Amino acid sequence: MAQASASGNLMINTLSGPTECVPVQFTWSGGQAPYYLSLIPGGQPSAQAIRQFPIQNGNSYTWTVDLASGTSFTTELRDKTGAVAYSDIQNVQPGPDNRLSPSLHVDASPTY
């Protein structure tokens, strides 16, 4: 996992191949708790978050990817001082064995 830096010592990892319906772990270092972790559209730091996670007091968070394949996002991490760190742009990969969650699956032809 690559690391992207920000002002000060706050750093957030860049996920390696996030995949639909597969757990991934965000890790970070530096800064001061609590931490505010979110996903924004890829490479758009001023955009509204597409996913916000619970406030974190530790240095890692596990998330089961619930974004559709092909979604591009950047991980944004803020600490209590207002310091911010961004990951590189990441793209969601198709899930194994087409195991999409119901919220991601679009059934174009109903089964009778």
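Residues numbered from 1 in each chain as written. Predicted model: local features only at pLDDT ≥ 70, side-chain atom pairs only at ≥ 80, totals over all residues. Heavy atoms only, no water.

A look at the pattern of salt bridges
Logical step 1: Scanning all chains against the criterion turns up two salt bridges.
Logical step 2: In this structure, the salt-bridge partner of Arg-51 is Asp-66, at a minimum N-O distance of 3.1 Å. Separated by 15 residues along the polypeptide, Arg-51 in strand E5 (residues 51–52) and Asp-66 in the loop between strand E6 (60–64) and strand E7 (72–78) bring together distant segments of the chain.
Logical step 3: Exposure remark for Arg-51: the relative accessible area of 24% places this residue in the partly exposed category.
Logical step 4: Overall, Asp-66 belongs to the partly exposed group, its relative accessible area being 29%. (Salt bridge = Lys/Arg side-chain N within 4 Å of Asp/Glu carboxyl O. Helix = DSSP H or I, 4+ residues; strand = E, 2+ residues; numbered from the N terminus. Buried < 20%, exposed > 50% of the residue type's maximum accessible area, 1.4 Å probe, protein only.)

Topic: the pairing of E7
Logical step 1: Of all the seven residues making up E7, five are buried; the element is thus mostly covered by neighbouring parts of the structure.
Logical step 2: The pairing of strand E4 (residues 36–41) with E7 spans six bridges and is antiparallel. Within the sheet, the bridge partner assigned to Pro-41 lies in E7 and is Phe-73.
Logical step 3: Examined bridge by bridge, E7 and strand E8 (residues 84–86) share three bridges and lie antiparallel to one another. (Pairing = 2+ DSSP bridges.)

Don't take any of this as a statement about function, it's just geometry.
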